[in-house]
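These are the residues of each chain, in order.
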Amino acid sequence: MKRAAAILCGVVMMVAFASGAPNLHPTLPNPTQPSPNPTQPASASTVSYRVTFPEPEHHWMQVEVTFTGLGTRPLQARMSRSSPGRYAVHEFAKNIFSFEAFNAKGVALTPTRPTPYQWNVSGHDGTVRVVYKIFGDRGDGTYFAVDNTHARLNIPASFMWAIGLENRPVRVTFVPPAGSSWKIGTQLFPTSDPMTFTAPNLQYFMDSPTELSDFGLRSFTVKNPDGKTYDIRVAAHHDGSDADLDALTNDVERVVLEQGAVFGEFPAFETGNYTFLLDYTPHSDGDGMEHRNSTFTSSRLSIANPQQRRQALGTISHEFFHAWNVERIRPADLEPFNFTDANISCCLWLAEGFTQYYGNLLLIRAGFTAVSQGGIGFGGTINAVVNGSGRLVRSAVEMSQHAAYTDAAASIDKTEFGRSFISYYTYGAAVALALDLSLREMSDGAITLDDYMRLLWVTYGKPAGATPGLVARPYTLRDLRTQLAVLTKNKAFADEFFDKYVEGREVVNYERLMLQAGFVVRPRSPEAGWIGNVQVTPLESGGLTINPPQGNAVSPIAFGTPAYEAGLEYGNVIVTIDGQPATVETFGAMSRKKPGDTATLTLRRRGGQMVTTTITLKPNPALVVIDVEAAGAPLTDMQKAFRESWLGSKVK
Ligand SMILES: [Zn+2]
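About the criteria used
Residues numbered from 1 in each chain as written. Predicted model: local features only at pLDDT ≥ 70, side-chain atom pairs only at ≥ 80, totals over all residues. Heavy atoms only, no water. Helix = DSSP H or I, 4+ residues; strand = E, 2+ residues; numbered from the N terminus. Rg over C-alpha atoms; globule rule 2.2 N^0.38 Å. Contact = heavy atoms within 4.5 Å. Areas by Shrake-Rupley, 256 points an atom, 1.4 Å probe, with all protein chains shown as cover. Lys, Arg positive; Asp, Glu negative; His and termini not counted. Charge placed at Lys NZ, Arg CZ, Asp CG, Glu CD. Donors = N, O, S within 2.8 Å, 3.2 Å for Na, K, Ca; no water. Buried < 20%, exposed > 50% of the residue type's maximum accessible area, 1.4 Å probe, protein only. Pairing = 2+ DSSP bridges. Phe/Tyr/Trp six-rings, centres within 6.5 Å; stacked < 30°, edge-to-face > 60°. Lys NZ or Arg CZ within 6 Å of the ring centre and 35° of its normal. Disulfide = S-S within 2.5 Å. Salt bridge = Lys/Arg side-chain N within 4 Å of Asp/Glu carboxyl O.

S.K.: Could you clarify how one ought to interpret the overall build of the protein chain in this entry?
M.R.: Helix and strand counts for the protein chain come out as 17 helices and 30 strands. Taken over the C-alpha trace, the protein chain has a radius of gyration of 27 Å; the compact-globule value for 652 residues is 26 Å, and the two agree within 12%. A principal-axis box enclosing the C-alpha atoms of the protein chain has dimensions of 85 × 65 × 50 Å. Excluding contacts between residues fewer than 6 apart, the proportion of contacts in the protein chain whose partners are at least 24 apart in sequence is 72%. For the protein chain, the exposed area adds up to about 25200 Å²; of that, 52% sits on carbon and sulfur atoms. The average position of the 57 basic charges and that of the 62 acidic charges among the side chains of the protein chain differ by 3 Å.

In structure tokens:
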């Protein structure tokens, strides 16, 4: 099993170059520089970019890209509409405000616009040089931002490419603003020129976010059972001290080692290293985005604050797990990623949800979250899925397929996602918890979810692709079911689990499964009456209006609740309750009734129609998870052992 070599805290590897801008890459050891040869010099077919920042304070950059060897065909240059790890369409072309094209002799060519995302250039001499300017001021994992402190480039959001040239090598030269001390952090392959990087193809290039800033750099080394070592680099643009970054790096190392222990090895990072590209500044936009050999993570947290530094580990843990799960153990419907449209996947409940589960679980195993803290945080997950009204209409697979509309998608109409959708992060984490505990139960602890993840890793993730950026053996939904049967040697178990809890809309018995570890799952207040989540606002003219949805924040009345069954909906005005004028007081009195009690309401619907309805209260179904000892029973030796096997560190 892997061991960590010495941590290189305090060693900021910077070398000043003639350009005046320091750069890290030539000084970084690259002990496992593998396969293709992406560092070779530009060939005739290479797509070459040159990136400049003439006025960073105005939040735009200029990109010059040269396409050669085009023959007589028109160039079809285009911007991506989507970005890996974000499943909605984001229309990155909208931020381009200047586009010019020239042939090899510098003669200007006139483009046409067949689509909003595309520029066609014909009449060239086999070469087209495009020069465009693009605005960006959202520094997260999806978009791009430039200002006087940094440039944070998510590649699909900022770089144009050409249809038909997707397999050509890419070469990009960054020219930081004059007088800046920006360095370059990226998973792109370095060259002898410290400002120039390469990618073997468009897929790898698009997957390689790049941070240009005066960031701090730390690194440590991990070793695989085959003897190969990889540098894990922490490149952080932050407002803390060197000591704060050292402390963060120490914590990151503990998390990274715990993750490696799940799979038994680290992926063969193609560049010989993995880079956490972190942005913790007051003007960051919160996000975390996974990539093959890096993560682009940003937040307004300050690493100078120990509590906030600890909070930052949640995203760090989640994103690093993705280096296996989704970057290499990859659903077939995301491989290769389609940059021209939204991407639909069967399996974000596994790709994101299992990652969510492990992101939290591994912080417990690494000792950052105490087991006794509020039932280890699984209560919220269980409650959201057991009681989520969305489960009445969509399975975990169907939630995944809805990502194009829910993953930061923008539109102006009302949606009912609050009652018909449960995030595949949450749903998937609940499925992961259910499967982990079920496997342990059915095998007396001999088989765990770690074993399932390792099997998926060895079968689908580990086989190397033909070239960095491509996955050789992506999985299908069917494969996931088949491999569960292989692991358990129990096809009936695998079929039942997938039929009921993945493709069906049932939930496991969390109460029984969690008790194995000495956690009690029970209703928070079953004696309390409940009508559902109904929020009201008093009207000056009398009565209570039921609040309308605001995005996903306030949902329509949830399916299956007493309020829904009685016909209440947002926008209705409650006029009377049990014969009394509807006020905050009479509404409160109704909410305090017991299960089985009824209340009679008169409602005024749109258009003035008056209706009378009777609402029958149910027991409040909200669940909590508490320690068995807090519930008044002793923690048995068996429960203690179960807990240790599940939640204890696996780092040898
Ligand atoms: Zn994720």
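Still more ground to cover, so stick around.
S.K.: Quick question: what am I supposed to make of the coordination of the zinc ion here?
M.R.: Reference geometry at the metal: tetrahedral coordination by four donors gives ideal angles of 109.5 degrees; octahedral coordination by six donors gives 90 or 180 degrees. Surrounding the zinc ion are the protein donor atoms His318 (NE2), His322 (NE2) and Glu352 (OE), which sit 2.0 to 2.1 Å from the metal. Counting residues between consecutive donors of the zinc ion along the chain gives the motif H-x3-H-x29-E. Of this pair, His322 sits in the loop between α4 (306-321) and α5 (348-365) while Glu352 sits in helix α5, placing them 30 residues apart in sequence. Here His322 matches Glu352 in class, with each residue buried.

S.K.: When you look at the side chain of His402 in this model, what are you seeing that I'm missing?
M.R.: Along the chain, His402 falls in the loop between α7 (396-401) and α8 (403-406). On the basis of relative accessible area, His402 is assigned to the buried category, the value being 13%. If we ignore the near neighbours within four places in the chain, the residues touching His402 are Arg394, Phe417 and Phe421.

S.K.: So what exactly am I meant to see when it comes to the sheet that holds strand β3 (residues 75-78) here?
M.R.: Working definition: the strands of a sheet are paired by backbone hydrogen bonds and lie parallel or antiparallel to each other. Read across the sheet, three strands follow the order β6-β3-β10 without closing on themselves; strand pairing throughout is antiparallel. Edge positions in the sheet fall to β6 (118-121) and β10 (161-162), since each has one partner strand and no second. Sheet analysis places β3 next to β6, joined by four bridges and oriented antiparallel. Bridged to Ala77 within β6 is Trp119.

S.K.: Where do I start with the packing of aromatic side chains in this structure?
M.R.: Note on aromatic pairs: each is described by the distance of the centres and the angle between the planes. What the rule picks out here adds up to 39 aromatic pairs. Ring plane angle 10 degrees and centroid distance 4.6 Å describe the contact between Phe263 and Trp324, whose orientation is recorded as stacked. Of this pair, Phe263 sits in helix α3 (residues 242-263) while Trp324 sits in the loop between α4 and α5, and the two are 61 residues apart along the sequence. Both residues of the pair, Phe263 and Trp324, belong to the buried class. For Lys183, the ring lying beneath its charged end belongs to Phe215, and the centroid distance is 5.1 Å. Over the aromatic face of Phe368 sits the side chain of Arg254, whose NZ or CZ is 3.9 Å from the ring centroid.

S.K.: Where do I start with the state of the cysteines in this structure?
M.R.: Here, the word disulfide means a covalent bond between the sulfur atoms of two cysteines. Applying the stated rule across the entire model yields one disulfide. Two residues, Cys346 and Cys347, share a disulfide whose sulfurs are 2.2 Å apart. Because the sign of the S-S torsion sets the handedness, a value of about -95 degrees for the bond joining Cys346 and Cys347 places this disulfide among the left-handed ones. Judged by its relative accessible area of 11%, Cys346 is buried.

S.K.: I keep staring at the pattern of salt bridges and nothing clicks. Help me out?
M.R.: The final tally for this structure, using the stated rule, is 34 salt bridges. Between Arg152 and Asp279 there is a salt bridge, with the nearest N and O atoms lying 3.2 Å from each other. Of this pair, Arg152 sits in strand β9 (residues 150-153) while Asp279 sits in strand β18 (residues 273-280), and the two are 127 residues apart along the sequence. An identical accessibility class is assigned to Arg152 and Asp279; each is buried. A salt bridge links Arg309 to Asp244, with the shortest nitrogen-to-oxygen separation between them at 3.6 Å. With Arg309 in helix α4 and Asp244 in helix α3, this pair connects stretches of sequence that are 65 residues apart. Residue Arg309 shares its accessibility class with Asp244, and that shared class is buried. One salt-bridge network, held together by shared partners, links Arg481, Lys491, Asp495, Asp499 and Glu503.

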